[in-house]
Each structure stands twice: as C-alpha cells, then as structure tokens.
Amino acid sequence: MSLEVEDRPSVEPTKQLKRQDSLYGDAEKVSSAKYHGSEGSWSRLLQLAFQSVGIIYGDVGTSPLYAISSTFPDGIKNRDDLLGVLSLILYTLILIPMVKYVFIVLYADDHGDGGTFALYSLISRHAKVRLIPNQQAEDAMVSNYGIETPSSQLRRAQWLKEKLESRMAAKISLFTITILGTSMVMGDGTLTPAISVLSAVSGIREKVPSLTETQVVWISVPILFALFSVQRYGTDKVGYSFAPIITVWFVLIAGIGMYNLVVHDIGVLRAFNPMYIVDYFRRNGKDGWISLGGVILCVTGTEGMYADLSHFNIQAIQISFNTVLFPSVALCYMGQTAYLRKFPEDVADTFFRSIPAPMFWPTFITAILSAIIASQAMLSGAFAILSKALSLGCFPSVQVIHTSKSYEGQVYIPEVNFLMGLASILVTITFRTTTEIGNAYGICVVTVFSITTHLTTIVMLLIWRKKFIFVFLFYIVFGSIELIYLSSILTKFAQGGYLPFCFSLVLMALMMAWHYVHVNKYWYELDHIVPADEVTALLKKHDVRRIPGVGLLYSDLVQGIPPVFPRLVQKIPSVHSVFLFMSIKHLPIPHVVPVERFLFRQVGPREHRMFRCVARYGYCDILEESALFKGFLMERLKMFIQDEAAFETNSTTEDSQTCSEGSACPIVPSGQSGNINSDLVEKEKQLIDAETELGVVYLMGEANVIAGPNSSLVKKVVVDYIYTFLRNNLTEGEKALSIPKDELLKVGITYEI
C-alpha cells in the first residue's frame, strides 16, 4: 500500500478549521501545561529534591549490595586490581548517570515526561514517523503540541526529517528500538526485585552461617510475593510512605564507607586517578574486559531518573543526585575497597562483612526495606512505560488502573504484574545467586542505555539542532562506552545473560505482532471508508428508522465513516436520533487539556444530526468514567452546534454585504437572521438533552481480522494465531474505555488483510 494515503482525505484550510472546531477559540487561550514542580520557590525545589531521593534512587542506591562481588566472582588475584575497579566504578558513575543523564538526557523531556516512549513521541511529533497514518492538521493546534518547523538555514534538521518521513525502514527501525527498550525495561522490572531482595536477604548468613543457599532463596520468595501483591495499592501508598528509609540508607552507607576508609586504607582515594584503569587492563587483559559486566551494575536503575522525571523537575534531580546519591554511593564503594585491601578473601560478601558489628542489624533491616522500595519504584516505572506503549497502539488493551490522584503517571496493570511477579520468583528459584542474575541484569541495563543514546542523538539533530561537533562527541563517547560494556556482558550470555534476551524477544514479538495487525487493520478501514453520499442514501431508505436516544459508534479511524456502519444498518435497520462516529486518539504528547479534548465535524445534512468526533488524549491522560465522559461529550457537542450556527450567521451577513447590485442577495430582514439561528440552536440543544435522557448506546465493531488466502505462512501465524490469541484472552476494549455492559452493542465484521 502506498504511503500517499497518509495525505487523504484532504484537510481543510486553517480558516475552515477555525469554523469547524468548536474548541478553537478556547484553545487559543490555553497556555502550555507545566509539569509537576516546574515552577516555585527554592524551598519547593529543595522539597522536590528531597522527595526524589526516596523515590527514584532506590535501585542505584542498593547497587553496592552486589556490584563489587559480581565484578570479582573468582576472587581477587592482585590487590592493586581493587584500585582499578574502584576507579572504573567512580568514572562510570560520573560519566553515565551524572554527565549523560543528569546534565544532558533529562533535558530531552516531552513536556516534563521522560522515558523511551517519551523520546519516541517527541521525535514523532516533529517528523511523521508513526506507522499509523492518523495525523491531522488540527493536532498541531493543541497547546501542548509545541511543534516547530525547521528553518531553511538548518538544512541538516530538514534533511533528517525528510529521511525519517520518506523511508519506511527508518520508521520501522525507530519503532523497533523503542519497543526493544520497553521490553528491556520490563525485564529490568522483573530482575530488580530478584537481585535486590536476594542480595539483601543473603546478608543474614553473616549472623546465621548455618543457613544454606537454598534456605536464603526460600526466605526471599515470600518477600517477593508480598512485594508484587501490594502493587495494586500504588507507589504513592507503598513506596512514598517509606521514602525516609532510603534517606536513612544513604546516611548509613555513607557513614560505613567513611568508617572503612579511615580504619582500613584511606589511600584508596588514589583511584580518582584514571591511570589505575589503564594499569588494571594492562595487567588483566581479557579478564579485565570481562569484569566490566560486574562494574556496570553500579549504575542499575539510572534510567529510572529519566522515566520518573514527570514527578519532579530537572533541577530537583540534579540537586539530589549531586548532593546525596553520588557522595553516598561513592563513599560506600571506597569504603568497601578499603576493607578488601585488608581482607580480600571476603569479596563474595563484601557489603555485609564491611559493616561494623554494632551497625549490622540496623543496616541489614534497612537494606531489605530499601531493596523492596527500589523494586517498587522500578515496577511502577515499568507499568507507566507499558501504559504509554498501550496508548500508542503497541500493546493489547489490558486494564490500566490509576493508583494515585496526586501523580497521574502512577499506574498498575494486574495481568502484567502477575506475569512479572511469577517470572521474578522463578528467576530467584532457578538462578539462586546474585552473580548469574547480575549477568542477565547487566544486559538489560546496558541495552536501555544504548537505546536512549541513539534516540537522544536524533533529538539533538532534529529538535535541539545542536552543532554537529557536540552531537558527534555525545554519540561517540557514550555510544563507545556502552558498546564496550555490552560486549563484555555478552560474554556471560550462557551464564544467565540469555534470560533478558528470551524475555525481550517474547515481549517484542507480541508487541510487534499486535502493532502490525493494528496498523494493517487501520489501513484496511482507511481504504474502505464509506462516502458521505452513501451514508445519506442509507438513511433515506424506507426501512431505516431513526430511533430515540444517542448512538456512539467507536472506530480507530479519525477521518471518514468506518466500513462497520453499513454492516450495522444492514443487521439492525435503525439509527439513533443523534448519532456520533467516535474515535479515541492518543497524540504523541503526555497531556491534552480538557478544553481541547474533542474535535467535531458535521456528517451530511444538518437535519440528520450525525457527527464525527475525535476525542484526543495524551499518552499519560486518564480516560474518564462513562458517566463523566458522556456528560462532557454532550456539552461539547452543544457548543459545537452553537459555534456552527454563529459561523453561518456571520457568513450570511458577509454575503449580504458583499453581493453586487445586479446579483440576487439573500432576502433576510435585518436582525432576524441571528434570531432565527438562535431559536434553531436552542431547539437542537434541547433535543440533544432530551435524547441523552432517553439513553446512550455504545456501538463497537467486533472486527475479526484474518490473513488473506495468498499470505505467507509467517503472516498467517501472526494474524490468525498470535493476534487472535491476544485479542481473545486480554481485556476487551470496552473495559479499557469504561463502557457499561448494559449499554454496549457489538457488531461483528471480518477484515481480510
């Protein structure tokens, strides 16, 4: 199919859009929405910085539990290697979380929202790279859209935009790496609880050495079960209430680190000299390169800073990272290194062996609680990212429960939570040690880093339009570092590294299969739209009755009449007195303000009372409950009718003023045209209220999509089996749209693609 279909049917000029869009005048008055904490005093900024410590740094903050022990799985051969590894850890913390994320990537926000899909939506708003051709000229008028056409002077941005829009391979590549990043984040959400809880619980063997490895695993399993069981209550109830614990944790690890530095070997501060890294690789060669798979675990959870950006702001995260997280974690690693310089044989249990005896139990209890909170934050981020994938048509319509009234990004997905919890428990039971889980964990972490680097580079070229030298340095420096780490961790593929690949491949296959059929189904409907004159002809048939009430026919199409409508009239030869062709459309922005939610069009003659309505949402917006949505929709429909009448009155007045002396001018007494239209409008509004009182019926096309007879075997498997299985076994669309069952009518139709 040709992509030129993307440009049809033709959109009306801006002047016409102003007439047809009932909310256009209001939209002009709406300022761009500010994200959480974007404005305020220094006290508010410091408060946000303090809150961010307890919410987004749990994963990075608990990495000292397992990072050094994972770097030396076979023990320490040379004590000088400790300085090389410490230097690697310090500069990894400085380069990736601090320089790359805190001071560069955080600025690639989508109206305050972060994460892989935020980057993808930011790019798709400036270039038509989405595979579904539902772009409308009116979308750019939404106040949060913020699109800016590249100027002629910046040819590089224009050239990149044209390449991304004209090449299907570029669109597919962007989409693929985006869902790969999403799959890896889901894998991260599965592995974080396993490695964090298991690492924390294993510390009890320091005081109860008789405990076996198996017993430690079975102590961890109930904790994991409890962790996933309480997800339904949401992060703001489960995680936020324990935020002070993370602060206590940072104080403890910083204090223990300083104690070990002073007591054992303060000379490890020499590790700030990067020459120790050179000496380490010169001394160990290939083994040193392989050990990078353990070093990278010191920055696990870094992506969480970016994914949770919408809850804070850039300045708050910069303050909390540089004043709390980095000093505390760096001191902890330096303290562990100082301890191991004296007791290298304790490398397998470095963290708990290095704790002073009086501080063991407080630190042990805080470690377990911190591991739980770190897992909770990562899971919440995974749910939020997957909900964005769902809203962009990349995942089936599973039920998304919004758990917080204060933070719209906090969501819970029951089906996904169950599968992730089951996978996390199975991983813990199967792998049993943090070393093998760490091998899998590292691949997730580095892959997401690399994807963020590639997408941010496109943002720099296309949207920020930075000088080429800066973009080149960003891509080369961070791309090279991440490639080196990835090549190292892939050597552990057979020792657990295969796990995230298998997990991600399965999830990617499901997402790609769903999106492939979703896109082709949209193209099918677009190629089979019903002409407006055919709709008029259908309504003029004697056997088609107009029945009382309001009918809402849902379709993915944002333009034209869907092919399911003639099917409906054929099966039930009746149409409601007021009828709307409804589409729920998710724009590539986080939020659409309510005043700009609906876009109306008249379908056919005015007396038919048939309308086209597109309800526009951002990927972080919550779909309203049925009663609220229905009331809001009817009010906006009446506003649209009033605006249409006002436009017609103005047009009649202009025509009467501009007609020539010899032409036939409209014979309307002065001042009466407005009164006539006003009376008609009031009657129509009263009619809509009366029909709404009689009842609203939701109509949905139950589309059975099958592969064509000449399709390949792969296509038949994807369409006839994988897609059908997902559609039949996951939550139905009416539940996602909160449609009451007693007001729903489904119309069956088969699409052959």
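All chains use their own residue numbering, which begins from 1 and follows the written sequence. The predicted origin of the model limits local features to residues at a pLDDT of at least 70 and limits the giving and counting of side-chain atom pairs to 80 or more, whereas totals for whole chains, interfaces and linings rest on all residues. Only hydrogens and water are set aside when side-chain values are computed; all heavy atoms of the structure are taken into account.

**So, the overall build of the protein**
Counting its regular elements, the protein contains 29 helices and 8 strands. Here's how the labels work: a residue is buried when its accessible area is under 20% of the maximum for its type, exposed when over 50%, partly exposed in between, all with a 1.4 Å probe on protein chains only. The 753 residues of the protein split such that 56% are buried. Contact criterion: two residues are considered in contact whenever any of their non-hydrogen atoms come within 4.5 Å of each other. Counting only contacts in the protein whose residues sit at least 6 apart along the sequence, the fraction spanning at least 24 positions is 85%. Only the protein chains shown count as covering a residue, and every accessible area follows the Shrake-Rupley method with a 1.4 Å probe. Surface exposure of the protein reaches about 31200 Å², of which carbon and sulfur atoms provide 60%. Working definition: helices are DSSP H or I runs of at least four residues, strands are E runs of at least two. Numbering for both runs from the N terminus.

**Quick look at the packing of aromatic side chains**
Two aromatic rings, drawn from Phe, Tyr or Trp (for Trp, its six-membered ring), form a pair once their centres lie within 6.5 Å of each other, and the interplanar angle then sorts them: stacked below 30 degrees, edge-to-face above 60, tilted otherwise. For the structure on display, the rule yields 23 aromatic pairs. Linked through ring pairs, W249, F351, F352, F360, W361 and F364 together constitute an aromatic cluster. In this arrangement the basic side chain of K207 is found over the ring face of F360, its NZ or CZ atom lying 5.0 Å from the centre. Note on geometry: a ring has a charge over it if NZ (lysine) or CZ (arginine) is within 6 Å of the ring centre and within 35 degrees of the ring normal.

**What about the environment of H454?**
Here H454 lies in helix α21 (residues 434-464). H454 sits in the partly exposed class, given a relative accessible area of 32%. On a C-alpha basis, the gap between H454 and G479 in space is 8.0 Å, while along the polypeptide they are 25 residues apart. Residues adjacent in sequence count toward polar contacts only when both atoms are side-chain atoms; beyond that, a polar contact is any pair of N or O atoms within 3.5 Å, and within protein one must be able to donate a hydrogen and the other to accept it. At 2.8 Å, the side chain of H454 and the backbone oxygen of S450 are in polar contact. Side chain to side chain, H454 and Y475 meet in a polar contact 3.0 Å long.

**Topic: the sheet that holds strand β8 (residues 744-752)**
Think of a sheet as strands paired side by side through backbone hydrogen bonds, with each pair either parallel or antiparallel. Two strands form a pair only when DSSP identifies at least two bridges running between them. The 6 strands lie next to each other as β5-β6-β4-β3-β7-β8, forming an open sheet whose pairing is mixed. In this open sheet, the two edge strands, each paired with only one partner strand, are β5 (598-602) and β8. Each adjacent strand pair in this sheet contributes to an overall mean axis angle of 25 degrees, direction not counted. Only C-alpha atoms enter the line fits that serve as axes; for helices the fit covers just the stretch in contact. Angles between N-to-C directions range over 0 to 180 degrees.

**Topic: a nonpolar patch on the surface**
Candidate patch residues must exceed 30% relative accessible area and have no salt bridge, after which like charges are joined if within 9 Å and Val, Leu, Ile, Met, Phe, Trp or Tyr side chains if within 5 Å. Salt bridges are identified by distance alone: a Lys or Arg side-chain nitrogen within 4 Å of an Asp or Glu carboxyl oxygen. A cluster of nonpolar side chains, contributed by F468, I469, F470, F472, L473, Y475, I476 and V477, occupies part of the molecular surface with about 750 Å² of accessible area. Counting through the fold element by element, I476 comes out in helix α22 (residues 468-489). The partly exposed category is assigned to I476, whose relative accessible area is 37%.

**Brief notes about the environment of G748**
Examined against the element boundaries, G748 turns out to sit in strand β8. Judged by its relative accessible area of 37%, G748 is partly exposed. For the pair G748 and R567, spaced 181 residues apart in the sequence, the C-alpha separation amounts to 8.3 Å. Residues in contact with G748, not counting those within four places in the same chain, are R567 and E702.

**Section: the packing of α21 against helix α23 (residues 498-527)**
Any two packed helices are characterised by how steeply their axes cross, that is the angle between the axes, and by the distance between the axes. Interhelical geometry of α21 versus α23 gives an angle of 55 degrees and a closest axis separation of 7 Å. Taken together, the axes of α21 and α23 are oblique relative to one another. Counted together, A440, I443 and C444 of α21 and L499, P500 and F501 of α23 form the full contact between these two elements. Only Asp, Glu, Lys and Arg are considered charged, only Ala, Val, Leu, Ile, Met, Phe, Trp, Tyr, Cys and Pro nonpolar, and every remaining residue, Gly among them, polar. Grouping the constituent residues of the contact of α21 with α23 by class yields 6 nonpolar, no polar and no charged. Here roughly perpendicular refers to angles of 65 to 115 degrees, roughly parallel to angles under 35, roughly antiparallel to angles over 145, and oblique to all remaining angles.

**Let's talk about helix α3 (residues 42-56)**
Each residue after the first adds 1.5 Å to the expected span of a helix. The end-to-end C-alpha distance of α3 is 21 Å, a good match for the 21 Å that 15 residues give at a rise of 1.5 Å each. Those residues of α3 lying buried are L45, L48, A49, S52, V53, G54, I55 and I56.

**Some words on the environment of E644**
As for its position among the elements, E644 is in helix α26 (residues 626-658). A relative accessible area of 8% means that E644 is categorised as buried. Between the C-alpha atom of E644 and that of R601, which follows or precedes it by 43 residues, the distance is 9.8 Å.

**Things to note about the nonpolar core**
Residues grouped as a nonpolar core are buried Ala, Val, Leu, Ile, Met, Phe, Trp, Tyr and Cys residues, joined through side-chain atoms within 4.5 Å. Residues Y57, I123, L164, F250 and Y333 are the most contacted members of the largest nonpolar core, which totals 154 residues. Ranked by size, the runner-up nonpolar core spans 32 residues in total, among them V705, Y723, L726 and I753.

**Regarding the packing of α3 against helix α17 (residues 314-342)**
The interhelical angle for the contact between α3 and α17, taken along N-to-C directions, is 65 degrees, at an axis separation of 8 Å. In terms of crossing hand, the pair formed by α3 and α17 is right-handed. For the pair α3 and α17, the contacting residues are W42, L45, L46, L48, A49, S52, V53 and I56 in the first and Q315, A316, I317, I319, S320 and V324 in the second. Looking at the contact of α3 with α17 residue by residue, the class counts come to 11 nonpolar, 3 polar and no charged. The hand of a helix crossing depends on one turn: near helix anticlockwise from the far one by less than a right angle means left-handed, and clockwise means right-handed.

**Some points on unusual backbone geometry**
Positioned with a positive phi, R465 is a non-glycine residue whose angle comes to about 55 degrees. Among the structural elements, R465 can be located in the loop between α21 and α22. Notably, R609 is not glycine yet its phi reads approximately 55 degrees, a positive angle. Judged by its relative accessible area of 24%, R609 falls in the partly exposed class.

**Quick word on the pattern of salt bridges**
Across all of its chains, the model carries 13 salt bridges by this definition. We note a salt bridge from R341 to D265, for which the minimum N-O separation is 3.2 Å. Linking R341 in helix α17 with D265 in the loop between α12 (243-263) and α13 (275-284), this pair joins segments that are 76 residues apart in sequence. Just as R341 is buried, D265 falls in that class too. When the shortest N-O distance is used, the salt bridge between K521 and E525 registers 3.9 Å.

**What about the confidence of the model for the protein?**
With 82% of its residues at a pLDDT of at least 70, the protein reaches an overall mean of 78. A score from 0 to 100, pLDDT tells how confident the predictor is in each residue. Taken element by element, the predicted model of the protein shows its lowest mean pLDDT in helix α2 (residues 24-28) (31) and its highest in helix α6 (residues 80-102) (94). A low-confidence stretch, residues 149-153 (pLDDT under 50), is modelled with 6 contacts involving residues beyond four sequence positions or located in other chains. Predicted confidence for residues 660-673 stays below pLDDT 50, and this span has 5 contacts to residues more than four positions away or in other chains.

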